[in-house]
Protein chains: 2
Amino acid sequence: MARPPRFDTDQLLDAAVRQAAASGPAGVTMSAVAKDVGAPSGSVYHRFPGRSALLAEVWLRTVERFQEGYFTALESDADARRAGRAAARHVVSWSRAHPAEAALLLYGAEDFGRADWSEEHLHRADRGSRRVRAALASLAAALGAEGPRATECVALALIDLPLSLVRRHLRAGTPLPAHAEDLAEECTTALLSSLPGRTASPSKAPATG
Amino acid sequence: MARPPRFDTDQLLDAAVRQAAASGPAGVTMSAVAKDVGAPSGSVYHRFPGRSALLAEVWLRTVERFQEGYFTALESDADARRAGRAAARHVVSWSRAHPAEAALLLYGAEDFGRADWSEEHLHRADRGSRRVRAALASLAAALGAEGPRATECVALALIDLPLSLVRRHLRAGTPLPAHAEDLAEECTTALLSSLPGRTASPSKAPATG
DNA sequence: ACAATATTAGAGAGCATCCTCTAGAACAGG
DNA sequence: CCTGTTCTAGAGGATGCTCTCTAATATTGT
C-alpha cells in the first residue's frame, strides 16, 4: 500500500560516487546528486536526512564493498605471504573494475565529513577499521613479526602501497596498465620479505616467495 | 613612495596552508584566509586576482619548497641506492618538520583547482613534474633498470611509499613516530632491491630491462 | 608640507548551496 | 471505488562565498 520509488537509495549513492570521483567529496552536493539522476532535491532529502548522512553512506558503502573482497583475498590462503600477495592484487584489480569507487577510496573519512556523522555511522566505520587492523596484525604475527612497527609495515605493504599505485594513475588520468597487478604484487613481496626483526622464514609452511 | 603592507603575500599563503591542512583545499576560501590573518577580504584580493590564483600559489609554493630539499637529497650521493634512501628519508623528515605543508602534499594539483590555473602557474607545475620524472628515470637507469615500468617502481619507492607513511599518520592525527625515517628507508631499500628485471648490482653495470 | 602611490577597509551585489515546506501523484488493500 | 501511505515535485528562505567597488589611509620622495 505504497507508491513504488522512482529513485532508490542505491541509485542516488551511485550518482554520489560519480560526483565524488569527478569533483572530489566537496562536489557531492545534494543538488548535484539530484540533477545527476534527474530527481528534484526533495527526493534526495526524502532518502537522506541531510548531506552528512549522504556523505557517510556513500563512503561507508564504498569501503564496505571494497573490504568484502579484500578480506576474502586476505583469508584465501593459509600461507601468510601468499595471502598478502593476493590482497595486494585485489586492491589493484578491484580498482580497475570500479574506477569511480576507487577514486573515493583515495580520500579519507574526514574528507567525507566524518566530524558530522551520526553515532551509527561512526560505529560502522570503527567496526571496519578494527577488522582491518586485526587482520593485518594477525598476518604480521603469522609472518613472525610482532609489534606495532611490524603491523605498520604490513599495512604499508598490503594497503597503502597498492593504493599508491592506483592513485598515481587515477591522478594522472591514465588507465591502470595491464601489469599493475604484477607490479603491486612484486612490490608487496619485496616489502614483506624485509619485515623488521625478520628476514625470511615461513610461519608454518615452507616457501619464501 | 608607497605605503608598507600590513599583510604580505607569504603571510597570506601561510594562512592558506593552515586552512588547507585543517579543512582540505575546499576550506581555503578567501574569507577564511582573510579572517585568519585579521585582514579584510579586500587585502587578499589585492594580492591575488582570485581564488584560483591563491590556490595555485599555495600549492606551488609548497611543492617547490619540498622539492628544493628533495632534489638535494637525491643528488647527495653518487651511489644511486644511497641517494634513493636519502630521498625517502627526506620525505619523512621534511613532513615532520612541516606538518601543515605536508598535509597539502597529500592532495594533488587537481584538488587545488588546477583546471582554473593560469598559463604561468601551469608552466611552473609542469616544470616541477618534468624535473621529478627526469630525476627518477635517471636514478632508475643508474640502477640498471630502464623502461616506464622501472621508473614507475622507482617513483613508488622514492615518493609514494614514504608519502603513504606520512599520510597514514596525518590522517589518524597521530604524530610521526621517531622511527618513521628508518621505516621509510627500509621499505624503500626493499623495493629498490627488487626492481623488475634486476635483483642487485652496481650503478653503471649493463642492465637487463 | 605636498604629491604620488600602494595598500587597507568594508559594504554589498551576485550566485550557489543546503534545507524546509506544502501540495499532490501513484499505488496497495479493502 | 476509496482510503491510506509513500513518494515525487519544486518553490523559496537562509546562509555563506566570491568578487567588485568606492573611500580612506599610510608612507616615501621632493
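Refer to the structure printed above.
The following paragraphs examine the structure supplied in this document. Remember, predicted model here, so these are calculated numbers, not experimental data. (Residues numbered from 1 in each chain as written. Chains lettered and ligands numbered in written order. Predicted model: local features only at pLDDT ≥ 70, side-chain atom pairs only at ≥ 80, totals over all residues. Heavy atoms only, no water.)

Some details on the packing of aromatic side chains
(1) Moving on: Across all of its chains, the model carries 10 aromatic pairs over all chains by this definition.
(2) Moving on: The interplanar angle of 75 degrees and the centroid separation of 5.2 Å between the aromatic rings of Phe-66 of chain B and Trp-94 of chain B together place this pair among those described as edge-to-face. You can see Phe-66 of chain B sitting in helix 4 (residues 51–74) and its partner Trp-94 of chain B sitting in helix 5 (residues 80–97), a full 28 residues away along the chain. No difference in accessibility class separates Phe-66 of chain B from Trp-94 of chain B, as the two residues are buried.
(3) Moving on: One aromatic cluster is present, formed by Phe-66, Tyr-70, Phe-71 and Trp-94 of chain A through successive ring pairs.
(4) Moving on: When the ring centre of Phe-71 of chain A is taken as reference, the NZ or CZ atom of Arg-131 of chain A above it lies at 3.8 Å. (Phe/Tyr/Trp six-rings, centres within 6.5 Å; stacked < 30°, edge-to-face > 60°. Helix = DSSP H or I, 4+ residues; strand = E, 2+ residues; numbered from the N terminus. Buried < 20%, exposed > 50% of the residue type's maximum accessible area, 1.4 Å probe, protein only. Lys NZ or Arg CZ within 6 Å of the ring centre and 35° of its normal.)

Let's talk about the pattern of salt bridges
(1) Moving on: For the structure on display, the rule yields 32 salt bridges over all chains.
(2) Moving on: Note that Arg-82 of chain A is salt-bridged to Asp-77 of chain A, the shortest N-O span being 2.8 Å.
(3) Moving on: The partner of Arg-96 of chain B in a salt bridge is Glu-181 of chain B, with the nearest N and O atoms 2.6 Å apart. Highlighted residues: Arg-96 of chain B in helix 5 and Glu-181 of chain B in helix 9 (residues 180–193), separated in sequence by 85 residues.
(4) Moving on: Through salt bridges with shared partners, one network takes in Asp-10, Asp-14, Arg-61, Arg-65 and Glu-101 of chain B. (Salt bridge = Lys/Arg side-chain N within 4 Å of Asp/Glu carboxyl O.)

Points about the interface of chain A and chain B
(1) Moving on: On the side of chain B, 30 residues touch chain A, which itself brings 29 residues to the contact.
(2) Moving on: Carbon and sulfur atoms make up 55% of the area that chain A and chain B hide from each other, which totals about 2600 Å².
(3) Moving on: On inspection of chain A and its partner chain B, the count reaches 6 salt bridges.
(4) Moving on: A salt bridge links Arg-149 of chain B to Glu-186 of chain A; the shortest N-O distance between them is 3.0 Å.
(5) Moving on: Counting the contacts that link chain A with chain B gives 11 residue pairs in polar contact (both at pLDDT 80 or more). (Contact = heavy atoms within 4.5 Å. Buried area = accessible area lost by both parts, 1.4 Å probe. Polar contact = N/O pair within 3.5 Å; in protein donor to acceptor, adjacent residues only side chain to side chain.)

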